Amino acid sequence: AQKVTQAQTEISVVEKEDVTLDCVYETRDTTYYLFWYKQPPSGELVFLIRRNSFDEQNEISGRYSWNFQKSTSSFNFTITASQVVDSAVYFCALSEASGTYKYIFGTGTRLKVLA
Amino acid sequence: SAVISQKPSRDICQRGTSLTIQCQVDSQVTMMFWYRQQPGQSLTLIATANQGSEATYESGFVIDKFPISRPNLTFSTLTVSNMSPEDSSIYLCSVPRGTSGPVYNEQFFGPGTRLTVL
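Residues numbered from 1 in each chain as written. Chains lettered and ligands numbered in written order. Predicted model: local features only at pLDDT ≥ 70, side-chain atom pairs only at ≥ 80, totals over all residues. Heavy atoms only, no water.

What exactly am I supposed to notice about the overall build of chain A here?
Across its full length, chain A holds 0 helices and 12 strands. Counting helices and strands in the order they occur from the N terminus, chain A gives β-β-β-β-β-β-β-β-β-β-β-β. Viewed in the frame of its principal axes, chain A has a C-alpha envelope of about 45 × 25 × 20 Å. Within chain A, the fraction of its 115 residues that count as buried is 47%. In chain A, of all internal contacts separated by at least 6 residues, the share reaching a separation of at least 24 is 56%. For chain A, the accessible area works out to roughly 5500 Å², and carbon and sulfur atoms hold 49% of it. Of the side chains in chain A, 11 bear a positive and 13 a negative charge, and the two mean positions are spaced by 4 Å. (Helix = DSSP H or I, 4+ residues; strand = E, 2+ residues; numbered from the N terminus. Buried < 20%, exposed > 50% of the residue type's maximum accessible area, 1.4 Å probe, protein only. Contact = heavy atoms within 4.5 Å. Areas by Shrake-Rupley, 256 points an atom, 1.4 Å probe, with all protein chains shown as cover. Lys, Arg positive; Asp, Glu negative; His and termini not counted. Charge placed at Lys NZ, Arg CZ, Asp CG, Glu CD.)

Right, dumping it as structure tokens:
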């Protein structure tokens, strides 16, 4: 069965601190895709990254970095030098290639960055 | 990237009534998805809407409660029928990016419809 677990319900950090959001997934498929989305208070979902199961290379984009480890079924997201504008709910999601492209979302982590 | 609009952006409805939510995309897409996000919760897929065929509903969602139309490749509607306060949620539509390959798995989401049922 597919499942995405985001154990951290809410995290508060002070501006400029680094913060890591955890994501653990379960799937029987060998080909799958993992995603991170940001949902700011305005409500829209903003796409951040897609990771393919066959590509374990970590990725860095500005202050954002992602650590994908198949051995532990984890896809963690780190924000370096956090800013108040990073305050949002962050969702990790899984899509299996054998499925119908539907997403299984984690429960989300609410990040509060305090000035 | 696809531009997706939803109408209405928000509504307050009375128990027992129905509301139809529209989703318009600026390009032709084969698949459209409808999600529900209950207050403080994650997103749950309601159904997949393919043009020219019946929508495919996920476990726990039925056509009588959430009828979906998909008259063409750029438009879909979701109706929330016989509403109760438990239906108060944000309803979002989404479409895949691109037409094939891994990017097809990336989804663009509409801005959502915030529904409150009294």
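I would appreciate a short explanation of the state of the cysteines in the present structure.
A covalent bond between the sulfur atoms of two cysteines is what we call a disulfide. All names here are of chain A. Throughout the structure, instances matching the rule amount to 2 disulfides over all chains. One disulfide in the model links C23 with C92; its S-S distance is 2.0 Å. Between C23 and C92, the disulfide has an S-S torsion of -65° and is therefore left-handed. Highlighted residues: C23 in the loop between strand 3 (19–21) and strand 4 (24–26) and C92 in strand 10 (residues 88–96), separated in sequence by 69 residues. (Disulfide = S-S within 2.5 Å.)

Would you explain the pattern of salt bridges in this entry?
Pairing between side chains of opposite charge can happen when the charged atoms of each approach one another. In this structure the tally under the stated criterion is 8 salt bridges over all chains. A salt bridge links R50(A) to E106(B); its shortest N-O distance comes to 2.5 Å. With R50(A) in strand 6 (residues 46–52) and E106(B) in the loop between strand 9 (89–96) and strand 10 (107–109), the pair connects residues from two separate chains. We note that R50(A), like E106(B), is buried. With a closest N to O distance of 2.7 Å, E58(B) and K102(A) form a salt bridge. In this pair, E58(B) sits in the loop between strand 6 (56–57) and strand 7 (68–72) while K102(A) sits in the loop between strand 10 and strand 11 (104–105), so the two residues belong to two different chains. We classify E58(B) as buried; its relative accessible area is 18%. What you see here is one network of salt bridges that share partners, running through R50(A), R97(B) and E106(B). (Salt bridge = Lys/Arg side-chain N within 4 Å of Asp/Glu carboxyl O.)

So what exactly am I meant to see when it comes to the interface of chain B and chain A here?
Reports of interface size often rely on the accessible area that becomes lost once the parts have come together. With 18 residues of chain B in contact, the opposing surface of chain A contributes 18 residues. For the chain B and chain A pair, buried surface summed over both sides reaches about 1700 Å², with 56% attributable to carbon and sulfur atoms. Viewed at the interface, chain A and chain B are joined by 2 salt bridges. Here chain B is connected to chain A by 7 residue pairs in polar contact (both at pLDDT 80 or more). Put simply, the parts of the chain that give the side of chain B that touches chain A at least two residues each are strand 4 (31–37), strand 5 (43–50) and strand 10 of chain B. Residue composition of the side of chain B that touches chain A, by class: 10 nonpolar, 5 polar and 3 charged. (Buried area = accessible area lost by both parts, 1.4 Å probe. Polar contact = N/O pair within 3.5 Å; in protein donor to acceptor, adjacent residues only side chain to side chain. Nonpolar A, V, L, I, M, F, W, Y, C, P; charged D, E, K, R; others polar.)

Any chance you could explain the pairing of strand 4 of chain B here in plain terms?
Each regular strand shows side chains that alternate between the opposite faces of the sheet. Residues and elements named next belong to chain B. Of all 7 residues in strand 4, 7 are buried, a share of seventy percent or more. The side-chain alternation of strand 4 yields two buried faces, one formed by M31, F33, Y35 and Q37 and the other by M32, W34 and R36. Sheet analysis places strand 4 next to strand 5, joined by 7 bridges and oriented antiparallel. Looking at the pairing, M32 lines up with A49 of strand 5. Hairpin connection of strand 4 to strand 5: 5 residues between the antiparallel strands, including G40 at a positive phi of 70°. (Pairing = 2+ DSSP bridges.)

Is there a simple way to think about the side chain of E96(A) in this case?
Residues and elements named next belong to chain A. Of note, E96 is situated in strand 10. In this structure the side chain of E96 is engaged in a polar contact, spanning 3.2 Å, whose partner is the side chain of Q2. Among the polar contacts listed, one links the side chain of E96 to the side chain of T27, at a separation of 2.5 Å. Other than its neighbours up to four places away in sequence, E96 contacts Q2, T27, R28, D29, T31, Y32 and Y101.

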